[in-house]
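Observations on the three-dimensional arrangement
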Amino acid sequence: MIDTHEHQVSERYWLETEYSLFSWFIQPWFGQYAGADLVSAGMPPLDLEKLRDPFVPMHERWELVSPWWPFARSTGFGQSVRLAARDIYGVDELNDSTWAGLNERIIAGHKPGHYRRVLYEMSGIDVIILDQNVRADPYVHSEFVGAEVRPRVALVKRFDDTFIRLTPDSLGLIEQDWGQRVDDMDELLAALDGQFDEMERSGVYVGVKCAMAYDRIVRYEDAPRQQAEKIFQRIRGGEELGDAQRRPFEDFMLNEVARRSGERGLVMQVHAGILAGGDANITRTNVTHMNSLFARHPRTRFAVFHGSFPYMGELAAIAKNLSNVYVDNCWMPIISPTQTREWMHSWIEAVPLNKLMGFGGDYNFPDGSYGHSLVARDILARVLTEKVRDGYFSEQEASWAAHRILRQNAVDLFGLERFLD
Ligand SMILES: [Zn+2]
(Lines give C-alpha, C1' and ligand atoms only; values in the text may rest on other atoms or scores of the structure.)
Protein backbone atom coordinates (compact mmCIF):
# COMPACT_ATOMS: atom_id res chain seq x y z
CA MET A 1 0.00 0.00 0.00
CA ILE A 2 0.94 3.66 -0.15
CA ASP A 3 1.66 5.62 3.02
CA THR A 4 0.70 9.20 2.16
CA HIS A 5 2.25 10.90 5.18
CA GLU A 6 5.20 10.20 7.47
CA HIS A 7 7.82 12.11 9.47
CA GLN A 8 10.25 9.18 9.76
CA VAL A 9 13.94 9.94 10.01
CA SER A 10 16.21 7.91 7.74
CA GLU A 11 17.23 4.52 9.11
CA ARG A 12 20.86 5.57 9.32
CA TYR A 13 19.98 8.61 11.44
CA TRP A 14 17.63 6.49 13.56
CA LEU A 15 20.57 4.16 14.21
CA GLU A 16 22.65 7.09 15.43
CA THR A 17 20.05 8.16 18.02
CA GLU A 18 18.97 6.49 21.27
CA TYR A 19 16.00 4.18 20.78
CA SER A 20 14.08 2.43 23.53
CA LEU A 21 10.54 1.80 24.72
CA PHE A 22 10.48 5.40 25.89
CA SER A 23 11.03 6.67 22.35
CA TRP A 24 7.45 5.58 21.78
CA PHE A 25 6.37 8.36 24.14
CA ILE A 26 8.82 11.10 23.25
CA GLN A 27 11.54 11.39 20.61
CA PRO A 28 14.69 13.52 20.76
CA TRP A 29 12.95 16.12 18.57
CA PHE A 30 9.24 15.88 19.31
CA GLY A 31 6.76 14.41 21.72
CA GLN A 32 4.90 11.37 20.41
CA TYR A 33 1.20 10.53 20.42
CA ALA A 34 1.26 7.91 23.20
CA GLY A 35 3.22 10.39 25.35
CA ALA A 36 0.71 13.15 24.60
CA ASP A 37 -2.04 10.90 25.96
CA LEU A 38 -0.02 10.28 29.15
CA VAL A 39 0.10 14.04 29.65
CA SER A 40 -3.57 14.38 28.77
CA ALA A 41 -4.30 11.76 31.45
CA GLY A 42 -2.41 13.84 34.00
CA MET A 43 1.31 13.08 33.79
CA PRO A 44 3.32 16.24 34.52
CA PRO A 45 4.87 17.46 31.22
CA LEU A 46 8.29 17.62 32.87
CA ASP A 47 8.05 13.89 33.61
CA LEU A 48 7.46 13.24 29.94
CA GLU A 49 10.64 15.21 29.21
CA LYS A 50 12.61 12.93 31.53
CA LEU A 51 11.73 9.94 29.34
CA ARG A 52 14.22 11.14 26.73
CA ASP A 53 16.93 12.09 29.19
CA PRO A 54 19.79 9.58 28.76
CA PHE A 55 20.88 10.24 32.36
CA VAL A 56 17.60 8.97 33.79
CA PRO A 57 17.81 5.17 34.33
CA MET A 58 15.28 3.11 32.40
CA HIS A 59 13.48 1.80 35.50
CA GLU A 60 12.97 5.36 36.75
CA ARG A 61 11.50 6.27 33.40
CA TRP A 62 9.03 3.40 33.65
CA GLU A 63 8.05 4.54 37.15
CA LEU A 64 7.02 7.84 35.59
CA VAL A 65 4.95 6.14 32.89
CA SER A 66 3.37 3.43 35.04
CA PRO A 67 0.67 5.49 36.88
CA TRP A 68 -0.69 6.97 33.62
CA TRP A 69 -0.30 4.16 31.10
CA PRO A 70 -3.41 2.23 32.28
CA PHE A 71 -5.49 5.24 31.21
CA ALA A 72 -3.65 6.02 27.98
CA ARG A 73 -3.35 2.45 26.73
CA SER A 74 -7.00 2.35 25.66
CA THR A 75 -6.85 5.26 23.19
CA GLY A 76 -6.07 4.77 19.51
CA PHE A 77 -2.58 6.10 20.18
CA GLY A 78 -2.13 3.51 22.93
CA GLN A 79 -3.54 0.74 20.77
CA SER A 80 -1.12 1.52 17.96
CA VAL A 81 2.00 0.98 20.09
CA ARG A 82 0.47 -2.06 21.82
CA LEU A 83 0.06 -3.68 18.40
CA ALA A 84 3.69 -2.87 17.64
CA ALA A 85 4.78 -4.49 20.94
CA ARG A 86 2.74 -7.59 20.17
CA ASP A 87 3.73 -8.17 16.55
CA ILE A 88 7.24 -6.75 16.26
CA TYR A 89 8.56 -7.76 19.68
CA GLY A 90 6.24 -10.61 20.73
CA VAL A 91 5.10 -8.89 23.94
CA ASP A 92 1.33 -9.06 24.28
CA GLU A 93 0.77 -6.43 26.92
CA LEU A 94 2.72 -3.48 28.25
CA ASN A 95 2.61 -3.25 32.04
CA ASP A 96 4.75 -3.22 35.20
CA SER A 97 5.89 -6.80 34.70
CA THR A 98 6.51 -6.74 30.93
CA TRP A 99 8.02 -3.34 30.26
CA ALA A 100 11.63 -4.31 31.01
CA GLY A 101 11.58 -7.32 28.68
CA LEU A 102 9.92 -5.30 25.93
CA ASN A 103 12.45 -2.52 26.39
CA GLU A 104 15.33 -4.99 26.04
CA ARG A 105 13.88 -6.36 22.82
CA ILE A 106 13.36 -2.88 21.39
CA ILE A 107 16.96 -1.95 22.16
CA ALA A 108 18.21 -5.26 20.70
CA GLY A 109 16.22 -4.58 17.53
CA HIS A 110 17.84 -1.19 17.04
CA LYS A 111 19.96 -2.30 14.11
CA PRO A 112 20.14 -2.09 10.31
CA GLY A 113 17.31 -3.73 8.43
CA HIS A 114 14.62 -2.79 10.96
CA TYR A 115 12.97 -0.29 8.61
CA ARG A 116 12.77 -2.79 5.79
CA ARG A 117 11.39 -5.48 8.06
CA VAL A 118 8.82 -3.33 9.84
CA LEU A 119 7.72 -0.85 7.19
CA TYR A 120 8.11 -2.86 4.00
CA GLU A 121 7.70 -6.51 4.98
CA MET A 122 5.35 -6.24 7.97
CA SER A 123 3.36 -3.12 7.10
CA GLY A 124 3.34 -3.78 3.35
CA ILE A 125 4.18 -0.18 2.50
CA ASP A 126 5.63 0.30 -0.98
CA VAL A 127 6.05 4.07 -0.97
CA ILE A 128 6.20 6.58 1.86
CA ILE A 129 5.46 10.23 1.19
CA LEU A 130 7.82 11.90 3.62
CA ASP A 131 7.21 15.27 5.21
CA GLN A 132 10.66 15.68 6.68
CA ASN A 133 10.27 17.67 9.87
CA VAL A 134 13.45 16.49 11.57
CA ARG A 135 15.76 18.93 9.85
CA ALA A 136 18.80 17.53 11.63
CA ASP A 137 18.62 14.27 9.64
CA PRO A 138 21.54 14.56 7.19
CA TYR A 139 20.80 11.40 5.18
CA VAL A 140 17.40 12.12 3.64
CA HIS A 141 18.70 13.21 0.25
CA SER A 142 21.87 11.13 0.20
CA GLU A 143 20.31 7.81 1.24
CA PHE A 144 16.68 7.69 2.29
CA VAL A 145 15.26 8.56 -1.14
CA GLY A 146 17.62 6.07 -2.83
CA ALA A 147 16.16 3.80 -5.50
CA GLU A 148 17.31 0.67 -3.65
CA VAL A 149 15.67 1.62 -0.33
CA ARG A 150 12.46 -0.21 0.68
CA PRO A 151 9.95 1.22 1.18
CA ARG A 152 10.73 3.85 -1.44
CA VAL A 153 10.58 7.40 -0.17
CA ALA A 154 9.08 10.36 -2.04
CA LEU A 155 9.23 13.87 -0.61
CA VAL A 156 7.00 16.88 -0.09
CA LYS A 157 8.47 20.27 0.62
CA ARG A 158 7.43 22.87 3.17
CA PHE A 159 7.66 26.58 2.48
CA ASP A 160 5.90 27.58 5.72
CA ASP A 161 8.96 28.75 7.61
CA THR A 162 10.98 29.99 4.67
CA PHE A 163 9.13 31.87 1.95
CA ILE A 164 5.74 32.22 3.66
CA ARG A 165 6.45 33.15 7.29
CA LEU A 166 9.33 35.28 6.14
CA THR A 167 11.72 36.83 8.68
CA PRO A 168 15.03 38.65 8.20
CA ASP A 169 16.74 35.36 9.13
CA SER A 170 14.79 33.14 6.74
CA LEU A 171 15.35 35.73 4.00
CA GLY A 172 19.07 35.38 4.64
CA LEU A 173 18.81 31.61 4.22
CA ILE A 174 16.82 32.03 1.00
CA GLU A 175 19.58 34.29 -0.38
CA GLN A 176 22.22 31.78 0.62
CA ASP A 177 20.39 29.00 -1.19
CA TRP A 178 19.63 31.15 -4.21
CA GLY A 179 23.16 32.50 -4.39
CA GLN A 180 22.14 36.13 -4.86
CA ARG A 181 20.53 39.04 -3.07
CA VAL A 182 16.74 39.23 -2.96
CA ASP A 183 15.71 42.89 -2.97
CA ASP A 184 12.13 42.93 -4.20
CA MET A 185 9.12 40.76 -4.85
CA ASP A 186 10.22 39.86 -8.39
CA GLU A 187 13.48 38.52 -7.03
CA LEU A 188 11.75 36.68 -4.19
CA LEU A 189 9.40 34.98 -6.65
CA ALA A 190 12.35 34.13 -8.89
CA ALA A 191 14.00 32.45 -5.90
CA LEU A 192 10.74 30.57 -5.26
CA ASP A 193 10.71 29.44 -8.90
CA GLY A 194 14.28 28.29 -8.35
CA GLN A 195 13.09 26.07 -5.50
CA PHE A 196 10.41 24.51 -7.68
CA ASP A 197 12.96 23.96 -10.49
CA GLU A 198 15.25 22.24 -8.02
CA MET A 199 12.42 20.02 -6.79
CA GLU A 200 11.61 19.03 -10.35
CA ARG A 201 15.26 18.28 -11.17
CA SER A 202 15.69 16.06 -8.12
CA GLY A 203 12.86 13.78 -9.29
CA VAL A 204 11.91 12.85 -5.71
CA TYR A 205 9.29 15.49 -4.90
CA VAL A 206 5.59 14.80 -5.37
CA GLY A 207 4.07 17.69 -3.49
CA VAL A 208 4.17 20.60 -1.09
CA LYS A 209 3.09 20.40 2.54
CA CYS A 210 1.37 23.27 4.33
CA ALA A 211 1.19 22.98 8.12
CA MET A 212 0.41 26.64 8.77
CA ALA A 213 -2.56 25.47 10.87
CA TYR A 214 -0.08 25.11 13.74
CA ASP A 215 0.56 28.83 13.72
CA ARG A 216 -2.52 30.65 12.48
CA ILE A 217 -6.06 30.49 11.13
CA VAL A 218 -6.15 28.56 7.86
CA ARG A 219 -8.14 31.22 6.04
CA TYR A 220 -5.81 32.43 3.29
CA GLU A 221 -7.05 35.63 1.67
CA ASP A 222 -6.42 36.87 -1.85
CA ALA A 223 -3.93 39.51 -0.65
CA PRO A 224 -2.84 42.09 -3.25
CA ARG A 225 0.76 42.01 -4.38
CA GLN A 226 1.30 45.69 -3.60
CA GLN A 227 0.44 45.14 0.05
CA ALA A 228 2.69 42.09 0.22
CA GLU A 229 5.53 44.02 -1.39
CA LYS A 230 5.33 46.73 1.28
CA ILE A 231 5.56 44.12 4.03
CA PHE A 232 8.42 42.42 2.21
CA GLN A 233 10.38 45.69 2.18
CA ARG A 234 10.00 46.04 5.95
CA ILE A 235 11.34 42.50 6.43
CA ARG A 236 14.09 43.26 3.90
CA GLY A 237 14.95 46.24 6.12
CA GLY A 238 15.46 43.91 9.09
CA GLU A 239 12.14 44.36 10.90
CA GLU A 240 10.82 41.42 12.93
CA LEU A 241 7.09 41.61 12.23
CA GLY A 242 4.36 40.13 14.40
CA ASP A 243 2.10 37.47 12.91
CA ALA A 244 -0.79 39.88 12.36
CA GLN A 245 1.42 42.46 10.61
CA ARG A 246 2.86 39.86 8.28
CA ARG A 247 -0.41 38.06 7.51
CA PRO A 248 -1.21 39.64 4.08
CA PHE A 249 2.32 38.77 2.95
CA GLU A 250 1.86 35.18 4.12
CA ASP A 251 -1.45 34.97 2.28
CA PHE A 252 0.09 36.33 -0.91
CA MET A 253 3.01 33.91 -0.79
CA LEU A 254 0.84 30.93 0.05
CA ASN A 255 -1.22 31.67 -3.06
CA GLU A 256 1.99 31.85 -5.10
CA VAL A 257 3.05 28.45 -3.74
CA ALA A 258 -0.42 26.96 -4.40
CA ARG A 259 -0.43 28.30 -7.98
CA ARG A 260 3.04 26.94 -8.74
CA SER A 261 2.10 23.57 -7.24
CA GLY A 262 -0.80 23.36 -9.70
CA GLU A 263 1.33 24.43 -12.66
CA ARG A 264 4.00 21.86 -11.83
CA GLY A 265 1.58 19.00 -11.19
CA LEU A 266 2.49 18.85 -7.49
CA VAL A 267 -0.14 18.07 -4.87
CA MET A 268 -0.60 20.45 -1.98
CA GLN A 269 -1.05 18.57 1.30
CA VAL A 270 -2.79 20.83 3.80
CA HIS A 271 -3.20 20.35 7.51
CA ALA A 272 -6.72 20.83 8.87
CA GLY A 273 -8.43 19.97 12.13
CA ILE A 274 -6.85 18.56 15.30
CA LEU A 275 -3.31 19.66 16.13
CA ALA A 276 -0.59 17.45 17.57
CA GLY A 277 1.33 18.58 20.61
CA GLY A 278 -1.33 19.68 23.06
CA ASP A 279 -2.72 22.75 21.25
CA ALA A 280 -6.50 22.69 21.52
CA ASN A 281 -7.18 25.68 19.25
CA ILE A 282 -9.20 23.84 16.62
CA THR A 283 -11.68 26.49 15.54
CA ARG A 284 -8.94 28.21 13.53
CA THR A 285 -8.11 24.94 11.74
CA ASN A 286 -11.59 24.18 10.39
CA VAL A 287 -11.29 23.11 6.75
CA THR A 288 -14.14 25.47 5.79
CA HIS A 289 -11.70 28.38 6.23
CA MET A 290 -9.90 27.06 3.13
CA ASN A 291 -12.88 27.18 0.78
CA SER A 292 -11.71 30.32 -0.96
CA LEU A 293 -8.17 28.95 -1.36
CA PHE A 294 -9.51 25.78 -3.01
CA ALA A 295 -11.75 27.82 -5.32
CA ARG A 296 -8.99 30.28 -6.23
CA HIS A 297 -6.67 27.51 -7.44
CA PRO A 298 -8.79 25.07 -9.44
CA ARG A 299 -5.72 23.58 -11.13
CA THR A 300 -4.07 22.75 -7.82
CA ARG A 301 -5.03 19.47 -6.18
CA PHE A 302 -5.36 19.73 -2.40
CA ALA A 303 -5.15 16.69 -0.12
CA VAL A 304 -6.82 17.67 3.16
CA PHE A 305 -5.17 15.92 6.07
CA HIS A 306 -6.40 13.92 9.00
CA GLY A 307 -9.90 13.74 7.58
CA SER A 308 -10.06 17.27 8.98
CA PHE A 309 -10.96 15.61 12.33
CA PRO A 310 -13.28 16.66 13.98
CA TYR A 311 -14.71 18.40 10.88
CA MET A 312 -15.29 15.29 8.77
CA GLY A 313 -18.73 16.37 7.54
CA GLU A 314 -17.41 19.73 6.39
CA LEU A 315 -14.66 17.96 4.46
CA ALA A 316 -17.18 15.55 2.93
CA ALA A 317 -19.23 18.50 1.63
CA ILE A 318 -16.18 20.30 0.24
CA ALA A 319 -14.55 17.24 -1.35
CA LYS A 320 -17.87 16.30 -2.91
CA ASN A 321 -18.34 19.68 -4.55
CA LEU A 322 -14.79 20.60 -5.55
CA SER A 323 -12.96 18.33 -7.97
CA ASN A 324 -9.55 19.53 -6.73
CA VAL A 325 -10.08 18.59 -3.05
CA TYR A 326 -9.21 15.10 -1.77
CA VAL A 327 -9.78 13.37 1.57
CA ASP A 328 -6.61 12.04 3.21
CA ASN A 329 -7.35 10.37 6.53
CA CYS A 330 -3.69 10.04 7.57
CA TRP A 331 -3.32 10.01 11.39
CA MET A 332 -7.10 9.77 11.85
CA PRO A 333 -7.42 5.97 12.32
CA ILE A 334 -5.50 6.23 15.61
CA ILE A 335 -7.10 9.53 16.68
CA SER A 336 -10.47 7.82 16.69
CA PRO A 337 -10.85 4.34 15.22
CA THR A 338 -14.63 4.41 15.52
CA GLN A 339 -15.02 7.84 13.93
CA THR A 340 -12.75 6.71 11.11
CA ARG A 341 -14.95 3.69 10.57
CA GLU A 342 -18.13 5.76 10.54
CA TRP A 343 -16.68 8.42 8.29
CA MET A 344 -15.10 5.98 5.89
CA HIS A 345 -18.63 4.68 5.39
CA SER A 346 -19.92 8.22 4.84
CA TRP A 347 -17.07 9.36 2.62
CA ILE A 348 -17.46 6.32 0.38
CA GLU A 349 -21.11 7.24 0.00
CA ALA A 350 -20.60 10.98 -0.43
CA VAL A 351 -17.28 11.45 -2.22
CA PRO A 352 -16.19 9.79 -5.51
CA LEU A 353 -14.02 6.77 -4.79
CA ASN A 354 -10.88 8.08 -6.49
CA LYS A 355 -10.61 10.90 -3.92
CA LEU A 356 -10.16 8.94 -0.68
CA MET A 357 -6.79 7.97 0.79
CA GLY A 358 -6.83 5.52 3.66
CA PHE A 359 -3.42 5.46 5.28
CA GLY A 360 -0.67 7.79 6.42
CA GLY A 361 1.29 6.68 9.48
CA ASP A 362 2.35 10.16 10.60
CA TYR A 363 5.02 8.87 13.02
CA ASN A 364 8.67 9.63 13.75
CA PHE A 365 9.56 5.96 14.33
CA PRO A 366 8.78 2.84 12.28
CA ASP A 367 7.16 0.75 15.02
CA GLY A 368 4.37 3.29 15.44
CA SER A 369 3.63 3.28 11.73
CA TYR A 370 3.34 -0.50 11.82
CA GLY A 371 0.72 -0.42 14.59
CA HIS A 372 -1.11 2.35 12.79
CA SER A 373 -1.07 0.46 9.49
CA LEU A 374 -2.78 -2.48 11.17
CA VAL A 375 -5.46 -0.25 12.69
CA ALA A 376 -6.13 1.47 9.36
CA ARG A 377 -6.34 -1.79 7.40
CA ASP A 378 -8.61 -3.32 10.00
CA ILE A 379 -10.99 -0.35 9.90
CA LEU A 380 -11.20 -0.37 6.12
CA ALA A 381 -11.70 -4.14 6.08
CA ARG A 382 -14.59 -3.81 8.52
CA VAL A 383 -16.15 -0.95 6.59
CA LEU A 384 -15.98 -2.81 3.29
CA THR A 385 -17.24 -6.03 4.87
CA GLU A 386 -20.21 -4.10 6.24
CA LYS A 387 -20.76 -2.52 2.84
CA VAL A 388 -20.93 -6.00 1.28
CA ARG A 389 -23.22 -7.25 4.03
CA ASP A 390 -25.51 -4.25 3.51
CA GLY A 391 -25.66 -4.93 -0.20
CA TYR A 392 -24.01 -1.58 -1.00
CA PHE A 393 -21.01 -3.27 -2.70
CA SER A 394 -20.46 -6.63 -4.28
CA GLU A 395 -17.36 -8.45 -3.02
CA GLN A 396 -15.61 -7.50 -6.22
CA GLU A 397 -16.48 -3.83 -5.78
CA ALA A 398 -15.33 -3.93 -2.18
CA SER A 399 -11.91 -5.35 -3.02
CA TRP A 400 -11.52 -2.82 -5.84
CA ALA A 401 -12.42 -0.07 -3.33
CA ALA A 402 -9.74 -1.36 -0.93
CA HIS A 403 -7.17 -1.25 -3.73
CA ARG A 404 -8.18 2.29 -4.68
CA ILE A 405 -8.24 3.65 -1.10
CA LEU A 406 -5.01 2.07 0.15
CA ARG A 407 -2.97 2.30 -3.03
CA GLN A 408 -4.12 3.37 -6.45
CA ASN A 409 -5.70 6.72 -5.50
CA ALA A 410 -2.40 7.92 -4.05
CA VAL A 411 -0.44 6.51 -7.01
CA ASP A 412 -2.64 8.46 -9.42
CA LEU A 413 -2.83 11.66 -7.38
CA PHE A 414 0.88 11.96 -6.65
CA GLY A 415 2.15 10.30 -9.82
CA LEU A 416 4.00 7.57 -7.91
CA GLU A 417 4.48 5.12 -10.79
CA ARG A 418 8.14 6.04 -11.01
CA PHE A 419 8.65 4.90 -7.40
CA LEU A 420 7.10 1.48 -8.01
CA ASP A 421 8.90 -1.55 -9.43
ZN1 LIG B 1 2.16 14.93 10.22
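Helices and strands together make up the secondary structure of the protein chain, namely 20 helices and eight strands. Radius of gyration (C-alpha) of the protein chain: 22 Å, near the 22 Å computed for a compact globule of 421 residues. Sorting the 421 residues of the protein chain into buried and exposed places 47% on the buried side. A separation threshold of at least 6 residues defines the contact pool for the protein chain, and within that pool the share at least 24 residues apart is 75%.

What follows concerns the sheet that holds strand β5 (residues 267-270). A sheet is described by the order of its strands in space; here eight strands give the open sequence β1-β2-β3-β4-β5-β6-β7-β8, paired in parallel fashion. What marks the edges here is a single partner per strand, and that holds for β1 (2-6) and β8 (356-357). Two elements, β1 and strand β2 (residues 127-130), share three bridges in a ladder whose sense is parallel. From the neighbouring strand, D3 faces β2, where its bridge partner is I128.

Attention now moves to the packing of helix α8 (residues 114-122) against helix α19 (residues 366-389). Taken N-terminus to C-terminus, the directions of α8 and α19 make an angle of 10 degrees; their axes are 10 Å apart at the nearest point. Judged by the angle between their axes, α8 and α19 are roughly parallel. Between α8, through H114, Y115, V118, L119 and M122, and α19, the contact on the second element is made entirely by P366, D367, S369 and Y370.

Attention now moves to the pairing of β2. Strand residues, when the strand is regular, have side chains that alternate between the two faces of the sheet. Burial of β2 is two-sided: the residues V127 and I129 facing one way and the residues I128 and L130 facing the other way are all buried. Here β2 pairs with strand β3 (residues 152-158) via four bridges, running parallel. Looking at β3, one finds that I128 is bridged to V153.

By size, the foremost hydrophobic cluster in this structure holds 128 residues, and its most contacted members are A154 and V304. Mapping this core onto the domain boundaries places at least three of its residues in each of domain 1 (20-108) and domain 2 (114-419). Beyond its immediate stretch of four places on either side in the chain, V304 contacts V270, A272, V287, L315, V325, Y326, V327 and D328.

Glancing now at the packing of α19 against helix α20 (residues 395-414). Packing of α19 against α20 brings their axes to within 9 Å, and their N-to-C directions diverge by 155 degrees. The orientation of α19 with respect to α20, classified from their angle, is roughly antiparallel. The interaxial crossing formed by α19 with α20 has right-handed handedness. When α19 is examined against α20, the residues L380, L384, K387 and V388 are found in contact with a partner set consisting of E395, A398, A401, A402, I405 and L406. Its residues placed into classes, the contact of α19 with α20 shows eight nonpolar, no polar and two charged.

The next thing to look at is the domain arrangement of the protein chain. Looking at the protein chain, the domain boundaries give domain 1 (20-108) and domain 2 (114-419). Listed per partner, the contact involves 19 residues of domain 1 and 19 residues of domain 2. The dominant element in the side of domain 1 that touches domain 2, judged by the number of residues it contributes, is helix α6 (residues 76-89), at nine residues. Taken together, the residues that form the side of domain 1 that touches domain 2 break down as 11 nonpolar, seven polar and one charged.

With that settled, the discussion passes to unusual backbone geometry. With the exception of glycine, the majority of residues adopt a negative phi angle, and the majority of peptide bonds are in the trans configuration. Along the chain, R150 connects to P151 via a cis peptide bond; the corresponding omega equals -5 degrees. Not every positive phi belongs to a glycine, and H306 is a case in point at roughly 60 degrees. Mapped onto the elements of the fold, H306 is located in the loop between β6 (302-304) and α16 (312-321). Residue classification places H306 among the buried residues on the basis of 28 C-beta atoms within 10 Å.

Let us look at the environment of I231. The residue I231 is located in helix α13 (residues 225-236) in this model. Put simply, I231 and Q32 are 199 residues apart on the chain and 37 Å apart in space, counted from C-alpha to C-alpha. Look past the residues within four positions of I231 in its chain and what remains in contact with it is L241, R246, P248 and F249.

For α13, built from 12 residues, the straight-helix expectation of 16 Å at 1.5 Å per residue is met to within 8% by its first-to-last C-alpha distance of 16 Å. Directly beyond the C-terminal end of α13, a positive phi value near 100 degrees is found at G238.

Let us now look at α6. Each α-helix winds once per 3.6 residues, and so residues spaced three or four apart point in a common direction. Over its 14 residues, α6 runs 19 Å from end to end, which matches the ideal 20 Å to within 8%, given 1.5 Å per residue. Of all 14 residues in α6, 10 are buried; the element is thus mostly enclosed. For α6, the full list of buried residues reads G76, F77, G78, S80, V81, L83, A84, A85, I88 and Y89. Two residues or fewer past α6, G90 is found with a positive phi of approximately 65 degrees.

What counts and what doesn't
- Residues numbered from 1 in each chain as written.
- Predicted model: local features only at pLDDT ≥ 70, side-chain atom pairs only at ≥ 80, totals over all residues.
- Helix = DSSP H or I, 4+ residues; strand = E, 2+ residues; numbered from the N terminus.
- Rg over C-alpha atoms; globule rule 2.2 N^0.38 Å.
- Buried ≥ 20, exposed ≤ 12 C-beta atoms within 10 Å, placed from the backbone.
- Contact = placed C-beta atoms within 7 Å.
- Pairing = 2+ DSSP bridges.
- Axes fitted to C-alpha atoms, helices over the stretch in contact; angles between N-to-C directions.
- Parallel < 35°, antiparallel > 145°, perpendicular 65-115°, else oblique.
- Core = buried A, V, L, I, M, F, W, Y, C linked by C-beta atoms within 7 Å.
- Domains from an automatic or database assignment.
- Left-handed = near helix turned anticlockwise from the far one by under 90°.
- Nonpolar A, V, L, I, M, F, W, Y, C, P; charged D, E, K, R; others polar.
- Expected span 1.5 Å × (residues − 1).

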